[in-house]
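# Structural characterization, general
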Amino acid sequence: MTKHHVKQSPARAVTAGQPTQGPLTPEELQLSGRNHSMPFEALHDDITPVGLHYLLIHFDIPHLAADSWRLRLSGSFERSLELSLEDIKARPPVTMPVTMECAGNGRSLLKPRPLSQPWGLGAVGTAEWTGTPLAPLLDEAGLADDAVELVFTGADSGIQGGVEEPYARSLTIDEAMHPDVMLVYAMNGEPLPLQHGYPLRLLVPGWYGMASVKWLTSVEAVTTRFLGYQQAVAYHYLQGPDGPGLPVTHIRVRSLMVPPGIPDFYTRRRVVDAGPVMLHGRTWSGHGEVERLEVGIDGEWMPAHLELPLGDYAWRRWSMVWVASPGEHVLQCRAMDTSGARQPVEQVWNYQGMGNNMAQRVEVTVR
Ligand SMILES: Nc1nc2c(c(=O)[nH]1)N[C@H]1C(S)=C(S)[C@@H](COP(=O)(O)O)O[C@H]1N2
Ligand SMILES: [Mo]
């Protein structure tokens, strides 16, 4: 792998990664124009239409030609393998609904906010992914006894934290051998769109999105822990610029609501007519099924109705009727999963703005 330290551009008042209370920067605006979130009204759908699914691309979208593209399995295997897209599609297919969420979802709501992709709360989506399980392929290549991790590398590269590298992430052997980890080539029944990793991506259900490497070209079995930037530096729960901190892995329990009524164009503040209002949304967790969803009306919490989950790794719909009385109100929702984890109501801050699952707040004017 190429790894060069690159001199960064002249210092600005604030640089990437630093927390700030200041106004939105041109760099954040540029990132948020490229990487869009899912509009909350898309929570209506079990499966998020491709164009409404959130998008996160660290560098540039690589243009890969499917006919010359190959997936290489190399390193500490008994045999190296090289597969074409046709080879992969010829393997037993699995289709599964999976909710994917960016670990940085909710980052811009933190005070102070870490400078990075300035997500609100929409960095999530649920797609029906089609592909083939990874474990049987690893078995065919035959992992050598000295292999400790698998490194998954995409065709895109760039500079982050002063380091030039391709986008790459690793999983331990146990994590990678999980039967639900897949190599996927279709999304909602269509070939994987360019922006979502065409022609092939890794899908690690239940984990935050960073693990699901797009534009996958290489799976390398390595004998020491992988220390690439996206693995060892980014994606950690830290209290300051220096480590150590725990690595970001599975999705923390979260819920969202479709903001009721109609929005004001500029502020997006809601206007609702008095009377019964059906509040609804979705809830999910990578740490076990969501078993309780509470709605807060002006700080008073009550349980909502939960529908069946779409799948082991996909969100559940929730709903509750609210009788709206004229005036100003704050609506919130918070979920609890079978691990006992519950969404906090106050922010739990960390330096990279990871896993901020603080309860959503929706301010409404009832007329
Ligand atoms: N090769 C590559 N894979 C990647 C990324 C990337 O920039 N390059 N971004 C990751 C991150 S941080 C997330 S949240 C998900 C986003 O997937 P999506 O754009 O399909 O929603 O892809 C992950 N896989
Ligand atoms: Mo992400």
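From a predicted model like this one, the values you see are computed outputs, not experimental measurements.

The next point concerns the overall build of the protein. Within the protein, the regular secondary structure consists of 5 helices and 25 strands. By the compact-globule yardstick of 21 Å for 367 residues, the protein fits well, its C-alpha radius of gyration being 21 Å. In terms of overall dimensions, the protein has C-alpha extents of about 70 × 50 × 35 Å along its principal axes. Buried residues in the protein amount to 51% of all 367 residues. Summarising the internal contacts of the protein: among those between residues at least 6 apart in sequence, 74% fall at separations of at least 24. Treating the 29 positive side-chain charges of the protein as one cloud and the 40 negative ones as another, the clouds have centres 6 Å apart.

The immediate surroundings of ligand 1 are formed by 19 residues, with His58, Asp156, His196, Arg201 and Lys214 found nearest. In this structure, aspartate 156 approaches ligand 1 through a side-chain N or O atom, which is 2.7 Å from a nitrogen atom. Relative to its unbound accessible surface of 530 Å², ligand 1 loses 100% to contact with the protein.

Time to look at the environment of glutamine 21. Considering the arrangement of structural elements, one finds glutamine 21 in the loop between strand S2 (19-20) and helix H1 (26-34). For the pair glutamine 21 and alanine 314, spaced 293 residues apart in the sequence, the C-alpha separation amounts to 35 Å. Apart from the residues within four sequence positions on either side, glutamine 21 is in contact with Lys111, Pro112 and Arg113.

Quick look at the environment of threonine 130 now. Tracing the sequence through the fold places threonine 130 in strand S7 (residues 124-133). Judged by relative accessible area, threonine 130 falls into the buried class, the value being 13%. Separated by 206 residues in the primary sequence, threonine 130 and methionine 336 have C-alpha atoms spaced 29 Å apart. Not counting residues up to four positions away in its chain, the partners in contact with threonine 130 are Val94, Thr95, Val184, Tyr185 and Ala186.

Moving on, we get to the side chain of aspartate 156. Position of aspartate 156 relative to the elements: it lies in strand S8 (residues 149-160). When residues no more than four places from it in sequence are discounted, the contact partners of aspartate 156 are Phe59, Asp60, Pro62, Pro166, Tyr167, Lys214 and Trp215.

As enumerated under the stated definition, the model contains 3 aromatic pairs in all. Their ring planes at 85° and their centres at 6.3 Å tell us that tryptophan 349 and tyrosine 351 sit as a pair that is edge-to-face. By relative accessible area, which is 14% here, tyrosine 351 ends up buried. Of note, arginine 334 hangs over the ring of tryptophan 301, and the distance from its end group to the ring centre comes to 3.9 Å.

Our next topic: the pattern of salt bridges. One pass over the full model with this rule turns up 16 salt bridges. Residue glutamate 328 pairs with arginine 269 through a salt bridge whose shortest N-O separation is 2.4 Å. In this pair, glutamate 328 sits in strand S24 (residues 327-337) while arginine 269 sits in the loop between strand S17 (262-263) and strand S18 (270-272), placing the two residues 59 residues apart along the sequence. Residues joined in a network through salt bridges with shared partners are Arg269, Glu328, Arg361 and Glu363.

Okay, a nonpolar patch on the surface next. Together, Met278, Val321 and Val323 make up an exposed nonpolar region whose accessible area comes to about 310 Å². Looking at the secondary structure, you find valine 321 in strand S23 (residues 316-324). In this structure valine 321 comes out as exposed when scored by relative accessible area, which is 51%.

Looking now at the domain arrangement of the protein. Each domain of the protein was delimited in the assignment, giving domain 1 (4-247) and domain 2 (254-366). Computed from C-alpha atoms alone, the centre-to-centre distance between domain 1 and domain 2 is 27 Å. Opposite the 45 residues of domain 1 that make contact, domain 2 presents 26 residues. In this assembly, domain 1 packs against domain 2 so that about 3200 Å² is buried in total across both faces, 58% of it on carbon and sulfur atoms. When the area that domain 1 buries against domain 2 is broken down by residue, the three leading residues are Leu43, Leu110 and Leu121, summing to 19%. Along the contact surface separating domain 1 from domain 2 lie 2 salt bridges.

Keep in mind that most residues, glycine aside, have a negative phi and that most peptide bonds are trans. Note that the residue after lysine 111, namely proline 112, is joined by a cis bond; omega there is -5°. Turning to its location among the elements, proline 112 is positioned in the loop between strand S5 (94-101) and strand S6 (113-114). Residue proline 199 follows tyrosine 198 across a cis peptide bond; omega there is 5°. Relative to the helices and strands, proline 199 resides in the loop between strand S11 (190-191) and strand S12 (201-203). Phi is positive for asparagine 188, which is not a glycine, with a value near 55°. Even without being glycine, arginine 268 reaches a positive phi, approximately 65°. Looking at where arginine 268 falls in the secondary structure, it is placed in the loop between S17 and S18. Its relative accessible area of 47% is what places arginine 268 among the partly exposed residues.

Here the focus is the state of the cysteines. Considering all chains together, one arrives at 0 disulfides under this definition. Cysteine 102 supplies the cysteine sulfur nearest to cysteine 333, a cysteine that is in no disulfide, at a spacing of 19 Å.

Below, the discussion takes up the sheet that holds strand S21 (residues 300-303). Whenever strands of a sheet pair, they do so through backbone hydrogen bonds, lying parallel or antiparallel. Across the sheet, 6 strands lie side by side as S17-S18-S25-S24-S20-S21; this open sheet has mixed pairing. Strands at the two margins of the open sheet, each flanked by one partner only, are S17 and S21. By the bridge criterion, 2 bridges tie S17 to S18 in an arrangement that is antiparallel. Bridge pairing in S18 links isoleucine 262 to valine 271.

About the thresholds
Position numbers for residues start from 1 in each chain and track the written sequence from start to end. Starting at A for chains and at 1 for ligands, labels are handed out in the order in which the entities are written. Local features in this predicted model are restricted to residues of pLDDT 70 or higher, and side-chain atom pairs are both shown and tallied only at a pLDDT of 80 or more, whereas totals for entire chains, interfaces and linings draw on every residue. As a convention, hydrogens and water are excluded, and side-chain values are obtained from all of the structure's heavy atoms. Counting from the N terminus, the helices are DSSP H or I runs at least four residues long and the strands are E runs at least two residues long. To get the radius of gyration, use the C-alpha atoms; to get the globule rule, take the number of residues to the power 0.38 and multiply by 2.2 Å. Whether a residue is buried, partly exposed or exposed follows from its accessible area with a 1.4 Å probe, protein chains only, as a fraction of its type maximum: under 20%, in between, or over 50%, in that order. Whether two residues are in contact is decided by their heavy atoms, any of which lying within 4.5 Å being enough. We treat Lys and Arg as the positive residues and Asp and Glu as the negative residues; His and chain ends play no part in the count. A single reference atom marks each charge: NZ on Lys, CZ on Arg, CG on Asp, CD on Glu. A cutoff of 4 Å decides nearness: a residue is near a molecule or strand if any of its heavy atoms lies inside that distance of it. Whenever two N or O atoms come within 3.5 Å, that pair is a polar contact, provided that in protein one can donate a hydrogen and the other can accept it, and provided that, for residues adjacent in sequence, both atoms are side-chain atoms. Only the protein chains shown count as cover for residues, and the accessible areas themselves come from Shrake-Rupley with a 1.4 Å probe. Stacked, edge-to-face and tilted are the three classes for Phe, Tyr and Trp ring pairs, Trp counted by its six-membered ring, which pair at centre distances within 6.5 Å; planes under 30 degrees apart are stacked, over 60 edge-to-face, the rest tilted. Note on geometry: a ring has a charge over it if NZ (lysine) or CZ (arginine) is within 6 Å of the ring centre and within 35 degrees of the ring normal. By convention in these notes, a salt bridge is any Lys or Arg side-chain nitrogen within 4 Å of a carboxyl oxygen on Asp or Glu. Grouping into patches uses exposed residues only, defined as over 30% relative accessible area, and leaves out salt-bridged ones; the cut-off is 9 Å for like charges and 5 Å for nonpolar side chains (Val, Leu, Ile, Met, Phe, Trp, Tyr). Bear in mind that the domain bounds are from an automatic or database domain assignment. The quantity reported as buried area is the accessible area (1.4 Å probe) lost by two parts once they are put together, taken as the sum for both. When two cysteine sulfur atoms lie within 2.5 Å, the pair is treated as a disulfide. Each pair of strands is called paired provided DSSP finds at least two bridges between the two strands.

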